[in-house]
Number of protein chains: 2
Amino acid sequence: MKETENKGRAFTTLSELLERASALQTALTLFEWDNETLAPREASSLTARTQGALSAAYQEIMTGEEVGNCLKACEEENLSEKEQAIVREAKKERDELCAIPPQEYRAYQELIARSALVWAEAKKKQDFDAFAPILKQVIDCQKRFASYRAKKGQKLYDVMLDDYEKGFDMEKLDEFFSLLKRELVPFLHNIQKSGIEIEDAFLTGDYPEDKQREAAILLAGYVGFDFSKGVLAVSEHPFTTNLHNRDVRITTNFKERVDSSLFSVIHESGHAIYELGIADDLTQTLVGQGASMGMHESQSRFFENILGRRESFWVPVYEKLQEIFPCELGKIALPQFVRAVNKVSAGLIRTEADELTYGLHVLVRYELEKELIEQDLPVEKLPALWADKYEEYLGIRPQNVSEGVLQDIHWAQGSFGYFPSYALGSAFGAQILFAMEKEMDIDRLLAEGRICEIREYLREHIHRYGKLKSARVLLKEITGEDFNPGYYVSYLKEKYGKIYGIQS
Amino acid sequence: MKETENKGRAFTTLSELLERASALQTALTLFEWDNETLAPREASSLTARTQGALSAAYQEIMTGEEVGNCLKACEEENLSEKEQAIVREAKKERDELCAIPPQEYRAYQELIARSALVWAEAKKKQDFDAFAPILKQVIDCQKRFASYRAKKGQKLYDVMLDDYEKGFDMEKLDEFFSLLKRELVPFLHNIQKSGIEIEDAFLTGDYPEDKQREAAILLAGYVGFDFSKGVLAVSEHPFTTNLHNRDVRITTNFKERVDSSLFSVIHESGHAIYELGIADDLTQTLVGQGASMGMHESQSRFFENILGRRESFWVPVYEKLQEIFPCELGKIALPQFVRAVNKVSAGLIRTEADELTYGLHVLVRYELEKELIEQDLPVEKLPALWADKYEEYLGIRPQNVSEGVLQDIHWAQGSFGYFPSYALGSAFGAQILFAMEKEMDIDRLLAEGRICEIREYLREHIHRYGKLKSARVLLKEITGEDFNPGYYVSYLKEKYGKIYGIQS
């Protein structure tokens, strides 16, 4: 009797502690959102103090004795699958926070704050040398932190990769990226030699902001972003964030190229649909977010590319888009529009890359990160190596570091191991697509305005589980096999082979 | 030596604890702002859990042993004036929180949440009986809570009044409100009998929302709202909030009557200017807000009424307003515009009241609150008593409870003792005005576009002090005397006597 009473008690106490920690995280999320979308210019330094205090409170709970004792006691308890997952995530978070001495962590946070500023300035001035010394410090810190957390014999870059994509280490990623290099680099060269030039000039021009906003609302609603549980705002860089599964927020911005905002809003809606689909009993817990960075990215890219760049996707909605932009698109037939938004054009900037070349941008970063972390590549060598790799894989060479090695903020923020997830997301999506096509006719569903059935499949098989299942487990359950990047390559070669008339 | 080392230590520890408490409060403020301005419809129930957890964390700190010990130890320390004020506010907050048993407080919070919903529904259905039972419960709770906190012999309503306006008890307020009744009720009747009808039809009509927004930005900027430290958004009811003195936010909304949004934005800007003017070393501490509800309201009403409804105020800016509304105001000369926005028109709704009758709306509420709390007035009698008092003081009688006793949310939220501060604010403002006029020519400064000098005076004498000085101390320092409502009555009778040709 006594034992039964004790059973579940540690987990209950743990849940209460985690609820408070989660509330602090949610507050931090709201501050981030607010900073990016609304907060006045002068607010940041004082608001940062508030954020710092909330963050410290969060860390105190997670690294505190109480959580530690509860986690230990939970080992003796008979827990449900969900409870076990929560304990697992709590342990992971705690271990990460505990591994780094508080003073070092604080110093690191200051370093990162400075580093982001130095990076922004260096990018503006096209001056890599101004950024190199602090980048070196960031890398050294990241390596030291990884060494604190490494299991016996574990490589440092593998520690970092595992943070973003559990179960994907260098061995697995080498395989993945070497496949991309082997297959897609020559394939791209063939496209570039094909002589086919797709006309897409009409995508640039006089697309007024208020009309782009109207189109953004149209498309977000069309793919299933629920405005009664979500917000669409404007920020410098588009992103998605969420407080819980009934408050998911996306941002967009409006550029000269209309397809940039159109597909960006579909992309962020894909992220949002994931978060909106997480089961009610998981939201506001440690397993109430997407399974992994890569799985999240798979969903945003599924909507943006796999669905969004098909002709059938636009059948129910293209006329409405034409009504919004009568002068610009009124005379552009749907096939011409779809052809234009699938134009392959090797560029220098990752965030503007097309579906085919995107993975090659990530390949460059993966290879360089690996060298930086595992082979002590001197940071001074980055600009030249970066340019060489772009020339080799994409056939173009940056003219300055701002459109080269300084284009992304990730390294300045200490995010090493993050980039591969972007490419993995595309590959997960393609693998999932092949499985789905056995069960449903995607083009028919889309053309008939039944995109909700596709969304429902994804919710049913992926979204609702949150972090209960890892990306690899989800893939296995949906497709019957472990991660297999072959589907991704097949998908790309088939699709773009058709567009550019290239035999595979 | 040892003793010197110890000195200051308790206050330092206290400051750290209060910094975390303040961060939690700031987070709660941001959630409130977000809920009122942006959050999606379905978010509230889950977000409320987050808010509940943050609020609990705040209360734990403030009622905890650590803060208690620090406060006690601070008594032995040699503290600066500012430190003493912080200790005083911390004690006050702690005593208030500790006085009420946690279970009772939680039950009360649930009651209040329900009560607000019942009120909204009852107001919609014009059904006071639906609201009466829960109102009774709220009053009982409020009285019980006040009894826990009452000093020996202190009346319950005095406890409540003190929360909003320290140093203003029934004795003082009876004096104040009886003066208003004695002087303003007959004065209003004279105006109503004067036969003068001011033309203000042009203020109603086709004032498009985007133009009203433009005007709001113009006026906020004109009075000194600093958009680099502030945000203007839209919400159902206008309000001001702040995270600290570099992030102060106001809202407005756009109605059919353009003067409603014009003066509302000046009003909220007045609140904001107060918060923006608080000294840097006070913001983010417990004394980093306005001195009191009434003093805050004095500043908003100073800008809205005392400055905003003068002709000289509009001299530098009226042409710009005409440019925004060329069809509506292009042919309305400034004197005609100013006359219209000073029209006296006894109405039923407090928030729409003109400057002269506003105090009489509050008088009704003060008298009823006093009876509810001190004489056990049965809530069932409220609708009839309310109507009788409106008829007696303002000469009009509500036709239903929605435009009568159910118009304000305050009682449903348990805010008894709050209303008087609104009227006190106007009276403080008038008293301050008389003192200022000895030092400066307000009309000349305004007409010459030197409103910043008026704002600077207020910042120098009021805003920067935050809560370091109470409203009564500030009044004494500025005007050389204690609160004196005579100035308010003189101000109103002189101003409106002139407009309506009535001898005082």
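This structure is a prediction, so every number in the text was calculated from the model and none was measured. (Residues numbered from 1 in each chain as written. Chains lettered and ligands numbered in written order. Predicted model: local features only at pLDDT ≥ 70, side-chain atom pairs only at ≥ 80, totals over all residues. Heavy atoms only, no water.)

**A short note on the overall build of chain A**
Helices and strands together make up the secondary structure of chain A, namely 23 helices and three strands. On C-alpha atoms alone, chain A measures out to a radius of gyration of 23 Å, which is about the 23 Å that the 2.2 N^0.38 rule sets for 504 residues. For the C-alpha atoms alone, the extent of chain A along its principal axes is close to 75 × 50 × 50 Å. Taking all 504 residues of chain A together, the buried fraction comes to 55%. Sequence-distant contacts, at least 24 apart, represent 73% of the contacts inside chain A between residues at least 6 apart. About 21700 Å² of surface is accessible on chain A, with carbon and sulfur atoms providing 47% of the total. Treating the 62 positive side-chain charges of chain A as one cloud and the 83 negative ones as another, the clouds have centres 2 Å apart. (Helix = DSSP H or I, 4+ residues; strand = E, 2+ residues; numbered from the N terminus. Rg over C-alpha atoms; globule rule 2.2 N^0.38 Å. Buried < 20%, exposed > 50% of the residue type's maximum accessible area, 1.4 Å probe, protein only. Contact = heavy atoms within 4.5 Å. Areas by Shrake-Rupley, 256 points an atom, 1.4 Å probe, with all protein chains shown as cover. Lys, Arg positive; Asp, Glu negative; His and termini not counted. Charge placed at Lys NZ, Arg CZ, Asp CG, Glu CD.)

**Examining helix α11 (residues 258-276) of chain B**
The terminal C-alpha atoms of α11(B) lie 27 Å apart, and with 19 residues this matches the ideal 27 Å at 1.5 Å per residue to within 8%. Where burial is concerned, most of α11(B) is hidden: 18 out of the 19 residues are buried. (Expected span 1.5 Å × (residues − 1).)

**Side note on the interface of chain A and chain B**
With 39 residues of chain A at the contact, the number on the chain B side is 39 residues. For E60(B), the salt bridge identified is with R20(A), shortest N-O distance 2.9 Å. Where chain A touches chain B, the interface holds 18 residue pairs in polar contact (both at pLDDT 80 or more). For the side of chain A that touches chain B, the secondary structure elements donating two or more residues are α2 (9-37), α3 (44-63), β1 (230-234), β2 (240-244) and β3 (247-252) of chain A. (Salt bridge = Lys/Arg side-chain N within 4 Å of Asp/Glu carboxyl O. Polar contact = N/O pair within 3.5 Å; in protein donor to acceptor, adjacent residues only side chain to side chain.)

**Section: helix α18 (residues 382-394) of chain A**
Under the 1.5 Å per step criterion, the end-to-end length of α18(A) is 17 Å for 13 residues, consistent within 8% with the ideal 18 Å. The positive-phi residue at the C-terminal boundary of α18(A) is G395(A), with phi of around 80 degrees.

**Things to note about the packing of helix α2 (residues 9-37) of chain B against helix α5 (residues 81-99) of chain B**
All names here are of chain B. Put simply, α2 and α5 touch, their axes get as near as 12 Å, and they point 55 degrees apart. When the interaxial angle is binned, α2 and α5 end up oblique. For the element pair α2 and α5, the recorded crossing hand is left-handed. In contact with F11, L14 and L18 of α2, α5 contributes E83, I86, V87 and A90. Its residues placed into classes, the contact of α2 with α5 shows six nonpolar, no polar and one charged. (Axes fitted to C-alpha atoms, helices over the stretch in contact; angles between N-to-C directions. Parallel < 35°, antiparallel > 145°, perpendicular 65-115°, else oblique. Left-handed = near helix turned anticlockwise from the far one by under 90°. Nonpolar A, V, L, I, M, F, W, Y, C, P; charged D, E, K, R; others polar.)

**Some points on the pattern of salt bridges**
Residue and element names in this part refer to chain A. As enumerated under the stated definition, the model contains 84 salt bridges over all chains in all. With its nearest N and O atoms 2.9 Å apart, the salt bridge here joins R397 to D388. With a relative accessible area of 34%, R397 lands in the partly exposed category. A single salt-bridge network, built from bridges that share partners, covers E197, D200, R257, D259 and K343.

**What to know about unusual backbone geometry**
The general pattern is negative phi for most residues beyond glycine and trans for most peptide bonds. All names here are of chain B. A positive phi angle, close to 55 degrees, is found at Q126, a residue other than glycine. Tracing the chain through its elements places Q126 in the loop between α6 (102-125) and α7 (128-149). Residue Q126 is classed as partly exposed on the basis of its relative accessible area of 45%. The phi torsion at Q284 lies on the positive side, around 65 degrees, for a residue other than glycine. Tracing the sequence through the fold places Q284 in the loop between α11 and α12 (293-307).

**Quick notes on the side chain of D158(B)**
Residues and elements named next belong to chain B. In this fold, D158 is placed in helix α8 (residues 156-164). K155 provides the closest opposite charge to the buried, unpaired D158, separated from it by 7.3 Å. A distance of 2.7 Å separates a polar atom in the side chain of D158 from the backbone nitrogen of M170. Ignoring anything within four residues of it in the chain, the contact list for D158 reads D169 and M170.

**Quick notes on the confidence of the model for chain A**
Residue and element names in this part refer to chain A. For chain A, the mean per-residue pLDDT works out to 96, and 98% of the residues sit at or above 70. Counting contacts from residues 1-6, a segment whose pLDDT is below 50, to residues more than four positions away or on other chains yields one contact. Taken over the whole predicted complex, pTM reads 0.93, whereas the ipTM for its chain interfaces reads 0.92. (pLDDT = per-residue confidence, 0-100.)

**What to know about the relation of the copies chain A and chain B**
Superposition record for chain A on chain B: RMSD 0.0 Å, screw rotation 180 degrees, translation along axis 0.0 Å. The superposition operator between the copies reduces to a two-fold rotation axis. Minimal C-alpha distance to the rotation axis in chain A is attained by A27(A), lying at 3.0 Å. When the interface residues of chain A are mapped onto chain B, 100% of them again lie at the interface, so the same face is used by both copies. (Least-squares fit on C-alpha atoms with pLDDT ≥ 70 in both.)

**Some thoughts on the sheet that holds β3(A)**
Residues and elements named next belong to chain A. The three strands lie next to each other as β1-β3-β2, forming an open sheet whose pairing is mixed. Looking at which strands have only one partner, the edges of the open sheet turn out to be β1 and β2. With direction set aside, neighbouring strand axes in the sheet form an average angle of 20 degrees. Looking at chain direction, β1 and β3 are connected through five bridges and run parallel. Its bridge partner lying in β3, G230 is registered against V248. (Pairing = 2+ DSSP bridges.)

**Structural notes on the environment of V338(A)**
Residues and elements named next belong to chain A. Mapped onto the elements of the fold, V338 is located in helix α16 (residues 334-340). Each C-alpha atom of the pair V338 and L372 lies 40 Å from the other, and the pair is 34 residues apart in sequence. Ignoring any residue separated from it by four or fewer positions in sequence, one finds V338 in contact with R309, R310, E311 and W314.

**A word on the packing of aromatic side chains**
All names here are of chain A. Applying the stated criterion across every chain yields a total of 56 aromatic pairs over all chains. Plain terms: the ring middles of Y318 and F337 are 4.9 Å apart, the flat faces sit at 40 degrees to each other, and that makes the pair tilted. Taken together, the positions of Y318 in helix α14 (residues 318-324) and F337 in helix α16 put the pair 19 residues apart, joining distant regions of the chain. There is no split in this pair, since Y318 and F337 are both buried. (Phe/Tyr/Trp six-rings, centres within 6.5 Å; stacked < 30°, edge-to-face > 60°.)

**What about the sheet that holds strand β2 (residues 240-244) of chain B?**
Within a sheet, adjacent strands bond to each other through the backbone by hydrogen bonds, running parallel or antiparallel. All names here are of chain B. Taken in spatial order, the three strands line up as β1-β3-β2 in an open sheet, and their pairing is mixed. One side of each edge strand has no neighbouring strand; the edge strands of this open sheet are β1 (230-234) and β2. For this sheet, the mean angle separating the axes of adjacent strands, direction not counted, is 20 degrees. As paired elements, β2 and strand β3 (residues 247-252) share four bridges and run antiparallel to each other. Paired with T241 across the two strands is R249, which belongs to β3.

**Things to note about the pairing of β2(B)**
With four of its five residues buried, β2(B) lies for the most part within the structure. Between β2(B) and β3(B), which pair antiparallel and follow one another directly, the connecting turn spans two residues.

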